[in-house]
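Summary of the model geometry
What follows is each chain in one-letter form.
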Amino acid sequence: MGALSGYFWVPAYQRGYRWGKHEVEALLNDLHECAKLPIGQIYCLQPVAVKALTRAATDPYPEAVPVGETYFELIDGQQRITTLYLLYRYLHALGQGAPNFVLSYETRPGSTQFLKMVSSRIDDTNIDYFHMSTAFAHIQGWFETRWPDVSERQHAAADWAQRLASQIDLIWFDAGGQDAIDLFTRINAGRISLTNAELVKALLLADNGHADPIQQATCAGQWDAIEHALHDDAFWYFLSADKPESYATRIDLLLDLIAHASRTHNDSFATFETFQRELAQGRTQQDLWSEVWQRYTLLRDWFEDRAIYHRIGWLIATGEKLSIVMELCMQNAAQSRSAFKKLLESRIRNRLDVTQQDFTGLNYEDHRQQCERLLLLFNVLSVDRLEHGNERYPFATHHKEQWSLEHIHAQAAQPLNGEAAWREWLSDAKRTLDTLQLDDKQTEQLTDQLDKALANKTIGRNTFTKLEQDVSNLLNRLNAASDPHALDNLALLSCDINAALGNQSFPAKRRRLLELDNEGRFIPLCTRRVFFKYYTKTTRQQLQFWSLADRDAYRKVIEEVVTPYLN
């Protein structure tokens with residue numbers, strides 16, 4: 001390592017710097033183990049592959065290399081070389097010499113100066129600077145953990161500088177006259193860490209002798225812009241129900257879409273091979289990149305349109321593949337935006353697969369998936385209908401939860417405790433009976449008993465229990481004809497919130513949902529509305545029971561909203 005000097009240049013076809021804490025500390029631990037080696041014994045790091053070149057006066061890069069000077073195109077090993085450079089920079093900060101070599105990235109103008117000034121302050125100007133500054137912070141943290149005292153750390157730095165100069169070697173592979181792109185692909189093609197995105201980037205940014213440097217720089221910048229945009233979870237989960245961690249880089253989603261490659265394809269490089277085949281058949285780098293950029297801008301256009309966002313978002317949330325939606329668009333490219341929306345609505349109808357006749361008989365026990373999909377659609381469309389605002393259904397939050405159907409009126413609710421809760425329950429029970437206007441002697445007697453109990457200064461447990469039982473029996477008889485598992489007794493809730501509500505009474509569920517809502521938990525719009533009787537239009541509202549009138553009003557609103565999507 002002591003002889004490592006000169007100019008190293010990372011070309012555009014290479015992946016960016018991506019080493020994280022695990023890789024950085026693994027290298028440091030390996031180097032640290034060298035202290036145990038006998039004097040004179042050499043420790044060799046993994047090979048680096050380079051190609052020696054000379055910068056001509058007409059070459060726009062590398063920026064740090066003087067015209068006429070030799071520099072090394074770094075074909076393989078740039079992650080290690082960059083990390084070693086960061087290590088030298090850290091040792092320099094502790095009083096040791098600066099690195100004898102210079103490093104620059106083609107896709108990052110100014111990277112040479114950035115690396116010279118790098119510190120543990122995280123720089124998020126772009127993804128490469130972020131990872132470089134983060135790696136430097138990991139190096140600093142690794143040293144400070146082992147040598148907390150500054151003087152001890154400076155002494156350790158001197159030992160490390162000496163060891164790097166005399167006991168650590170790099171295996172050096174000179175590519176000679178070999179084509180750098182071919183060698184890069186051949187070296188990396190079998191590595192698990194290499195991604196389709198990195199290989200495609202190598203194809204599209206390779207200097208084939210005809211490439212326009214300005215066009216290449218534009219492509220590199222747009223590549224970063226796409227990756228950055230897809231790191232917005234709102235955009236990502238609009239396009240995919242898959243967790244982003246299932247992709248090495250997020251732009252892989254877009255590249256797979258263009259290449260029509262499945263994530264379960266037996267060939268892990270199917271996307272790269274598709275792009276490679278397109279180039280071999282005569283398409284240009286610029287033409288291929290234009291397609292990538294156009295598809296990305298189309299996805300952004302869909303994302304920005306609330307109506308399209310909500311309809312595609314529902315399709316993706318219910319298991320539809322983005323490739324199907326894209327194919328639908330491409331097959332009807334000449335049609336207007338409104339025509340495309342109608343195509344999406346038709347696709348929703350097919351996926352929902354509920355007829356107008358089926359709607360009235362939907363229930364939890366026999367049609368659970370259809371009920372869940374329909375209530376999700378009801379929520380999504382209700383948000384889409386909101387006027388005077390830009391509120392959107394949060395598919396990012398939705399995909400991070402597991403979902404279930406909550407029975408609004410529990411069959412065996414847990415008992416209420418405390419006189420205040422009893423009085424509130426009995427007051428609502430009285431309003432409910434008044435609203436029902438039942439002309440029979442039993443109801444009249446029960447109403448009188450409620451009036452007397454509420455007129456008393458105190459209400460005892462026995463009194464409340466007796467009246468609660470009588471009212472519940474009456475309401476249950478009235479509700480006997482209604483199915484407790486019917487759609488009008490179901491609401492959409494995440495599994496953990498559903499579990500938190502348990503088998504509580506309607507008012508207890510309402511109070512708990514209010515608490516969770518105040519805590520910032522996501523409760524779908526229509527579920528909130530249900531428990532606050534938003535859909536029941538009456539001047540004599542009661543909040544203690546989910547009555548037949550409430551169910552009827554709820555069902556009618558659901559039907560009105562989703563009818564355009566019923567077969």
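Note: the structure precedes this text.
Parameters and conventions
Residues numbered from 1 in each chain as written. Predicted model: local features only at pLDDT ≥ 70, side-chain atom pairs only at ≥ 80, totals over all residues. Heavy atoms only, no water. Salt bridge = Lys/Arg side-chain N within 4 Å of Asp/Glu carboxyl O. Helix = DSSP H or I, 4+ residues; strand = E, 2+ residues; numbered from the N terminus. Buried < 20%, exposed > 50% of the residue type's maximum accessible area, 1.4 Å probe, protein only. Axes fitted to C-alpha atoms, helices over the stretch in contact; angles between N-to-C directions. Parallel < 35°, antiparallel > 145°, perpendicular 65-115°, else oblique. Left-handed = near helix turned anticlockwise from the far one by under 90°. Contact = heavy atoms within 4.5 Å. Core = buried A, V, L, I, M, F, W, Y, C linked by side-chain atoms within 4.5 Å. Pairing = 2+ DSSP bridges. Nonpolar A, V, L, I, M, F, W, Y, C, P; charged D, E, K, R; others polar. Polar contact = N/O pair within 3.5 Å; in protein donor to acceptor, adjacent residues only side chain to side chain. Phe/Tyr/Trp six-rings, centres within 6.5 Å; stacked < 30°, edge-to-face > 60°. Lys NZ or Arg CZ within 6 Å of the ring centre and 35° of its normal.

1. With respect to the pattern of salt bridges
Counting across every chain of the model gives 30 salt bridges. For Glu345, the salt bridge identified is with Arg311, shortest N-O distance 3.7 Å. Placement of Glu345 in helix 15 (residues 337-352) and of Arg311 in helix 13 (residues 306-317) is noted, with a sequence separation of 34 residues between them. Note on Arg311: relative accessible area 11%, which makes it buried. Between Glu320 and Arg347 there is a salt bridge, with its nearest N and O atoms 2.5 Å apart.

2. Some points on the packing of helix 11 (residues 270-280) against helix 12 (residues 285-304)
Relative to each other, helix 11 and helix 12 sit at 135°, their axes nearing to 9 Å. Classed by the angle they form, the pair helix 11 and helix 12 counts as oblique. The hand of the helix 11/helix 12 crossing is right-handed. Of the residues in helix 12, those touching helix 11 at Phe275, Glu278 and Leu279 are Gln285, Leu288 and Val292.

3. Brief notes about the nonpolar core
Of all hydrophobic cores here, the largest spans 104 residues; its most connected members are Trp302 and Tyr554. In terms of residue count, helix 17 (residues 368-385) provides more of this core than any other element does, nine residues in total. Excluding residues that lie within four positions of it along the chain, Tyr554 makes contacts with Leu375, Phe378, Ile408, Leu487, Asp488, Leu490, Ala491, Val530, Tyr535 and Trp546.

4. A word on helix 11
For helix 11, every residue scored as buried is listed here: Ala270, Thr271, Phe272, Thr274 and Phe275. Gly282 sits one or two positions beyond helix 11 and adopts a positive phi of about 110°.

5. Things to note about the pairing of strand 7 (residues 490-494)
Across a regular strand the side chains alternate sides, sitting on one face of the sheet and then on the other. Of all five residues in strand 7, five are buried; the element is thus mostly enclosed. Side chains Leu490, Leu492 and Ser494 project from strand 7 onto one buried face, and the interleaved Ala491 and Leu493 project onto a second face that is buried too. The pairing of strand 6 (residues 403-407) with strand 7 spans five bridges and is classified as antiparallel. Looking at strand 7, one finds that Trp403 is bridged to Ser494.

6. Digging into the packing of helix 17 against helix 25 (residues 548-562)
The N-to-C vectors of helix 17 and helix 25 enclose an angle of 75°; their axes lie 10 Å apart at closest approach. For the element pair helix 17 / helix 25, the angle class is roughly perpendicular. Across the interface between the two elements, Leu374, Leu375, Leu377, Phe378, Leu381 and Arg385 from helix 17 touch Tyr554, Val557, Ile558, Glu560, Val561 and Val562 from helix 25. Residue composition of the contact of helix 17 with helix 25, by class: ten nonpolar, no polar and two charged.

7. Thoughts on the sheet that holds strand 4 (residues 101-105)
The five strands are arranged 4-1-3-2-5 in an open sheet whose pairing can be described as mixed. Strands with a single pairing partner mark the edges of an open sheet, and in this sheet they are strand 4 and strand 5 (168-174). Ignoring strand direction, the axes of neighbouring strands in this sheet form an average angle of 40°. One ladder, built from two bridges, connects strand 1 (residues 6-10) with strand 3 (residues 70-76); its direction is parallel. Residue pairing in the sheet places Trp9 in a bridge with Glu73 of strand 3.

8. Details of the environment of Arg89
Mapped onto the fold, Arg89 is located in helix 2 (residues 78-93). Ignoring sequence-local partners within four residues, the contact set of Arg89 consists of Ala98, Pro99, Leu115, Lys116, Val118 and Phe136.

9. Considering the side chain of Gln78
You can see Gln78 is positioned in helix 2. Accessibility expressed as a relative area gives 2% for Gln78, which makes it buried. For Gln78, the side chain forms a polar contact with the side chain of Tyr105, separated by 2.7 Å.

10. Topic: the packing of aromatic side chains
Given two aromatic rings, one states the distance between the centres and the angle between the planes to describe the pair. With the rule as written, the count across this model stands at 32 aromatic pairs. An angle of 70° between the planes, with centres 5.2 Å apart, marks the rings of Trp142 and Phe143 as edge-to-face. Both residues of the pair, Trp142 and Phe143, belong to the buried class. Ring centres 5.5 Å apart and planes at 75° place the aromatic pair Trp142 and Trp160 in the edge-to-face group. In this pair, Trp142 is assigned in helix 4 (residues 127-146) and Trp160 in helix 5 (residues 150-166), connecting sequence segments 18 residues apart. Comparing Trp142 with Trp160, the two get one shared label, buried. Grouping aromatic residues by their ring pairs yields a cluster made of Phe235, Phe238, Trp293, Tyr296, Phe303, Tyr309, Tyr393, Phe395, Trp403 and Phe522. Its end group placed over the ring of Trp236, Arg250 keeps NZ or CZ at 5.4 Å from the ring centre. Over the ring of Tyr309 we find Arg392; its NZ or CZ atom is 4.4 Å from the centre of that ring.

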